[in-house]
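The chain contents come next:
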Amino acid sequence: MAQKGMATNSFTLQILHLEIFVITTANYIFTYGISQLLCFEYAFDRSNRFSVTIVSRQQWGAAAPKKRETLKGSAQRVVIHHTALPRCKGQKECMDCLVSIQRGHMKDRGFDDIGYNFLVGGDGAMYEGRGWGVVGAHAKGNNHDSLGIAFMGNFKNDTPSTEAMSSVKKLLQSGVSQGFLNPKFALFGHRDLGDTECPGGKLYAALPQLRGTT
Ligand SMILES: [Zn+2]
């Protein structure tokens, strides 16, 4: 009886050791996993310091482009436009507006796609037009080395919102950090390059705030 008791004790002890081993290992893996996750999140935050959330073409329901021409190298210039349309409120209304702008550009004006590379709503939501690294159709004779960004609305009398200005600034910083935009890019209003009122007097007056990425 005594021997059987000892055997049971020894068996219990082995189970106990195994349990301790399993718990310690699990604890280690868990702690290691969490620390790796934190490191990853930290790295992710650092690499996306200039991140701006972009509503993708798919999200706003863009039609496929007829064709796409890739920009040679990084963009040297940024051209700011306004859509000269009534201001859209909220993402649903802005997305409907984007669909109609694209239709107008492709059907009425014969462009291959929506003309601008990016568009920004008054609430600061950023929408993908042609996107990064693609030649746009926004400033005749100036499209092959530039990035075209349109503020949605008419800024002849309206002042651009702080949110929209801040999103564009972040977009430019993100473009530089990803190599799509030359760090020494020059920024123009459309009227600097063509016979147009675009991007409206109030937005034109605010452009110095967008120059430089720091
Ligand atoms: Zn314009």
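Residues numbered from 1 in each chain as written. Predicted model: local features only at pLDDT ≥ 70, side-chain atom pairs only at ≥ 80, totals over all residues.

Describing helix H3 (residues 90-108)
Within an α-helix, residues lying three or four positions from one another point in the same direction, as the helix has 3.6 residues per turn. When the terminal C-alpha atoms of H3 are compared, their 26 Å separation across 19 residues agrees well with the 27 Å that a helix rising 1.5 Å per residue should span. If you check which residues of H3 are buried, you get Cys94, Cys97, Leu98, Ile101 and Gln102. The buried residues of H3 occupy an angular sector of 140° when the element is viewed end-on, so they sit on one face. Across from the buried face of H3, at angles greater than 90 degrees, the exposed residues are Lys92, Ser100, Arg103, Lys107 and Asp108. Elements in contact with the buried residues of H3: helix H2 (57-60), strand E3 (118-120) and strand E4 (126-128). (Helix = DSSP H or I, 4+ residues; strand = E, 2+ residues; numbered from the N terminus. Expected span 1.5 Å × (residues − 1). Buried ≥ 20, exposed ≤ 12 C-beta atoms within 10 Å, placed from the backbone. Arc of directions from axis to C-beta. Contact = placed C-beta atoms within 7 Å.)

Quick word on the nonpolar core
The biggest cluster of nonpolar side chains holds 38 residues, and the ones touching the most others in it are Val78, Phe118, Leu119, Val120, Tyr127, Ile149 and Met152. Taken together, the elements giving at least two residues each to this core come down to strand E2 (75-82), H3, E3, E4, strand E5 (146-151), helix H4 (162-178), strand E6 (181-189) and helix H6 (201-206). If we ignore the near neighbours within four places in the chain, the residues touching Val78 are Ser146, Leu147, Ile149, Leu172, Phe185 and Leu187. (Core = buried A, V, L, I, M, F, W, Y, C linked by C-beta atoms within 7 Å.)

Remarks on unusual backbone geometry
The phi torsion of most residues other than glycine is negative, and most of the peptide bonds are trans. For the peptide bond that leads from Cys198 to Pro199, omega is 10°, which places it in the cis range. Within the fold, Pro199 resides in the loop between helix H5 (190-193) and H6. Within the chain, Ala84 stands out as a residue other than glycine whose phi angle is a positive 60°. Its place among the elements puts Ala84 in the loop between E2 and H3.

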